[in-house]
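Listed below are the residues making up each chain.
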Amino acid sequence: MRTIADPTVRSGLGARLRRLTPETPRRWGTMTPGEMLCHLGDAHEGVAGIRETPGPRSSGPGKPLVKWFALSTPFPWPHGVKTRPGVDPRLGGTRPGAFAADLERAISSLEALAAADPTRLLSHHALFGPMQPRDWYRWAYRHVDHHLRQFGV
């Protein structure tokens, strides 16, 4: 199972991210490539405790069956799932700036999440509920892969 705990997997995600351009067409959704990069940076930094994500903290049991499906199966994530406002670049998230800087932030925040002290990672995901570090590492891989497929990369 691919996770960002594996440096080879992280390197592959970084290489795929570097194939994006501001003009890369999306296959679904509404985000631009720059907005997607900001979304990824905000999400990674929020999980790693680098950025305080606006909005209420998640707690409670979550949806264990959804978590299992999203993290443990090879099936692609569904399209059109609304993101939390705090990591939505059109709402409370970071707005795109210079594309190259947003790209570097998306990659460096992924590296920072992989290197973060596991005890400092968020304890809950908004939908999935309680998360262990291994869950976050798998989530990060699936999340980045999902958005790269959104842009055919």
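Note that the structure is predicted; figures quoted are calculated from it, not measured. Every chain is numbered independently, its residues counted from 1 as its sequence is written. Reporting of local features is limited, given that this is a predicted model, to residues whose pLDDT is at least 70; pairs of side-chain atoms are given and counted only at 80 or more, and all residues count toward the totals for whole chains, interfaces and linings. Where side-chain values are given, they derive from all heavy atoms of the structure, hydrogens and water being excluded.

Draft legend 1. Region of the structure containing the environment of T30. Helix and strand assignments follow DSSP, with helices taken as H or I runs no shorter than four residues and strands as E runs no shorter than two, numbered in order from the N terminus. Of note, T30 is situated in the loop between α1 (7-18) and α2 (33-48). If near-sequence neighbours (up to four positions away) are discounted, T30 is found in contact with E35, R90 and Q150. Two residues form a contact once any of their heavy atoms are found within 4.5 Å.

Draft legend 2. Just the packing of aromatic side chains, in detail. Put simply, two rings from Phe, Tyr or Trp (the six-membered ring, in Trp's case) pair if the centres are within 6.5 Å, and we call them stacked under 30 degrees between planes, edge-to-face over 60, tilted for the rest. This structure, assessed with the given rule, holds two aromatic pairs. Taken together, a centroid distance of 5.7 Å and an interplanar angle of 5° make the contact between F69 and F75 stacked. On the basis of relative accessibility, which here comes to 36%, the residue F69 falls in the partly exposed class. Seen from their ring centres, W136 and W139 are 5.2 Å apart, and the 90° between their planes marks the pair as edge-to-face. Pair noted here: W136 and W139 are both in helix α5 (residues 133-150), with a separation of three residues, about one helical turn. The burial state of W136 is the same as that of W139; both residues are buried. The cut-offs for exposure are 20% and 50% of the maximum accessible area for each residue type, with area from a 1.4 Å probe on protein chains only; residues under the lower value are buried, those over the upper are exposed, and the others partly exposed.

Draft legend 3. Spatial organisation of the nonpolar core. By convention a nonpolar core is built from buried Ala, Val, Leu, Ile, Met, Phe, Trp, Tyr and Cys residues, the set being connected through side-chain atoms within 4.5 Å. Membership of the largest hydrophobic core comes to 35 residues, with the highest contact counts inside it found for I4, L17, L20, L37, L113 and W139. Among the elements of the structure, α1, α2, α3 (64-72), α4 (99-115) and α5 are those that each provide at least two residues to this core. For this core, the leading source of residues is α5, giving seven residues. Residues contacting I4, with those up to four places away along its chain left out, are R10, L13, L110, L113, A114, Y137, A140 and Y141.

Draft legend 4. Representation of the pattern of salt bridges within the structure. When a carboxyl oxygen of Asp or Glu is within 4 Å of a side-chain nitrogen of Lys or Arg, the pair counts as a salt bridge. On inspection of all chains with the given rule, the structure shows ten salt bridges. Between R105 and D42 there is a salt bridge; the shortest N-O distance is 2.5 Å. You can see R105 sitting in helix α4 and its partner D42 sitting in helix α2, a full 63 residues away along the chain. Residue class for R105 comes out buried when judged on its relative accessible area of 19%. Measuring nitrogen to oxygen at the nearest pair gives 3.1 Å for the salt bridge that ties K67 to D135. Taken as a pair, K67 in helix α3 and D135 in helix α5 lie far apart in primary sequence, 68 residues in all. Overall, the relative accessible area of 17% leaves K67 in the buried class. A residue is classified by how much of its surface remains accessible, and D135, at 13% relative accessible area, is buried. Connected through salt bridges with shared partners, the residues D42, E45, R51 and R105 form a single ionic network.

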